[in-house]
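One letter stands for each residue in the lines below.
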Amino acid sequence: MAGRVEGKVAFVTGAARGQGRSHAVRLAQEGADIIAVDICQAFDRSPAPGSTPEDLAETAEMVKNLDRRIVTAQVDARDFDALKHAVDGGVEQFGKFDIIVANAGIGTMGDKLHKVDEALWQEMIDVNLGSVWKTVKAGVPHLLAGGRGGSVILTSSVAGLKAYPYMGHYNVAKHGVVGLMRTFAVELGPHFIRVNSVHPTHTATPLLLNEGTYRGFRPDLDNPGPDDLAPVCQTFHILPIPWVQAEDISNAVLFLASDESRYITGVTLPVDAGSCLK
């Protein structure tokens, strides 16, 4: 089946690389035009290297090579005014608006929850929860104005469905995304706007596959790499794999964005290799 979101316009945050890039490209493959934003810089406490303006430009080229239109902007998703400006500009150019994919997020190393540094806590809440709310807030007026309904997909995590030790700040933010999703689903449903969340397990993107994460999981080794991380990650899953690929999450996003899920709303959809069963 092709053209599953043909003629629609999707707003994707965190689109410079990883899951966000994959979502933008997958939606474009199925006919959508894209409004793509990313902060294009590093977070001091994140083990992952920052995305760059060049990364966002590469995402744009990938979408254009699919013969779809894209507008991009370097935006911190914590900045509502900047998000609104990006959405408003994209809608002005494309003339419509149909899909929100609130994907931007970070992963940072923590401590036991009662010991987590306040600045680390606040950054996590602001990025992984507050920016999701602001992303939807920026886009919903255009969905309502269009009068055609729409689909909103929020990126949570397996950590939004269960808790992991030493990741309390992350757990709380990702659980909060579920609260946002359910509230938006109830409030927007009468307008045929559907709201759901996806819950990835470990995913093979720079947020996982980086030197800081390798050392965090394998402090027993002098120079750990992905092959050393893989056996640890595999213990989290029922299916015998260490991680999923970004496109596995994108396929779930595409389903929720398409009319195939036209009566699905308020759902937490794990893409987790069975992690929620453990």
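What you are looking at is a predicted structure, and each value in this text was computed from that prediction instead of being measured.

### Regarding the environment of Ala230
Piece 1. In this fold, Ala230 is placed in helix H7 (residues 226–234).
Piece 2. Taking the C-alpha atoms as reference, Ala230 lies 38 Å from Gly139; in sequence the two are 91 residues apart.
Piece 3. Contacts of Ala230, omitting those with residues within four sequence positions, involve Pro242 and Trp243.

### Some words on helix H3 (residues 80–94)
Piece 1. Compared with the 21 Å implied by 1.5 Å per residue over 15 residues, the 21 Å span of H3 between its first and last C-alpha is a close match.
Piece 2. Regarding H3, the residues found buried are Leu83, Ala86, Val87, Gly90, Val91 and Phe94. All buried residues of H3 lie within an arc of 125° about the axis, which places them on one face of the element. Across from the buried face of H3, at angles greater than 90 degrees, the exposed residues are Asp81, His85, Glu92 and Gln93.
Piece 3. Against strand E1 (9–13), strand E2 (33–38), strand E3 (70–74) and helix H4 (118–146) lie the buried residues of H3.
Piece 4. Measuring from the side-chain oxygen of the N-cap residue of H3 to the backbone nitrogen of Asp81 gives 3.2 Å; that N-cap residue is Asp79.
Piece 5. Positive phi appears at Gly95, one or two residues downstream of H3, with a value of about 85°.

### A word on the sheet that holds strand E5 (residues 150–155)
Piece 1. The strand order across the open sheet formed by seven strands is E3-E2-E1-E4-E5-E6-E7, and the pairing between neighbours is parallel. The open sheet is flanked by E3 and strand E7 (268–271), the only strands paired with a single partner. On average, each strand axis in the sheet is tilted by 15° relative to the strand beside it, whichever way the strands run.
Piece 2. The sheet contact formed by strand E6 (residues 193–200) and E7 spans four bridges and is parallel. Counterpart to Ser197 in the pairing with E7 is Thr268.
Piece 3. Against the sheet, helix H8 (residues 246–257) makes contact with strand E4 (99–102), E5, E6 and E7, and its axis sits at roughly 165° relative to E6, the strand it touches most.

### Some words on the side chain of Ser51
Piece 1. Position of Ser51 among the secondary structure elements: in the loop between E2 and helix H2 (53–64).
Piece 2. Within polar-contact distance, the side chain of Ser51 engages the backbone nitrogen of Cys40 at 3.4 Å.

### Let's talk about the packing of aromatic side chains
Piece 1. Under the definition given, this model contains one aromatic pair.
Piece 2. Seen from their ring centres, Tyr164 and Phe236 are 5.7 Å apart, and the 55° between their planes marks the pair as tilted. You can see Tyr164 sitting in the loop between E5 and helix H5 (168–188) and its partner Phe236 sitting in the loop between H7 and H8, a full 72 residues away along the chain.
Piece 3. Across the ring face of Phe80, the terminal group of Lys137 is positioned such that the distance to the ring centre comes to 5.3 Å.

### Let's talk about the side chain of Ser131
Piece 1. Checked against the element boundaries, Ser131 lands in helix H4.
Piece 2. With sequence-adjacent residues up to four places away left out, Ser131 is seen in contact with Ala77, Arg78, Leu83, Ala104 and Asp126.

Reading the values: the criteria
Residues numbered from 1 in each chain as written. Predicted model: local features only at pLDDT ≥ 70, side-chain atom pairs only at ≥ 80, totals over all residues. Heavy atoms only, no water. Helix = DSSP H or I, 4+ residues; strand = E, 2+ residues; numbered from the N terminus. Contact = heavy atoms within 4.5 Å. Expected span 1.5 Å × (residues − 1). Buried < 20%, exposed > 50% of the residue type's maximum accessible area, 1.4 Å probe, protein only. Arc of directions from axis to C-beta. Polar contact = N/O pair within 3.5 Å; in protein donor to acceptor, adjacent residues only side chain to side chain. Pairing = 2+ DSSP bridges. Axes fitted to C-alpha atoms, helices over the stretch in contact; angles between N-to-C directions. Phe/Tyr/Trp six-rings, centres within 6.5 Å; stacked < 30°, edge-to-face > 60°. Lys NZ or Arg CZ within 6 Å of the ring centre and 35° of its normal.

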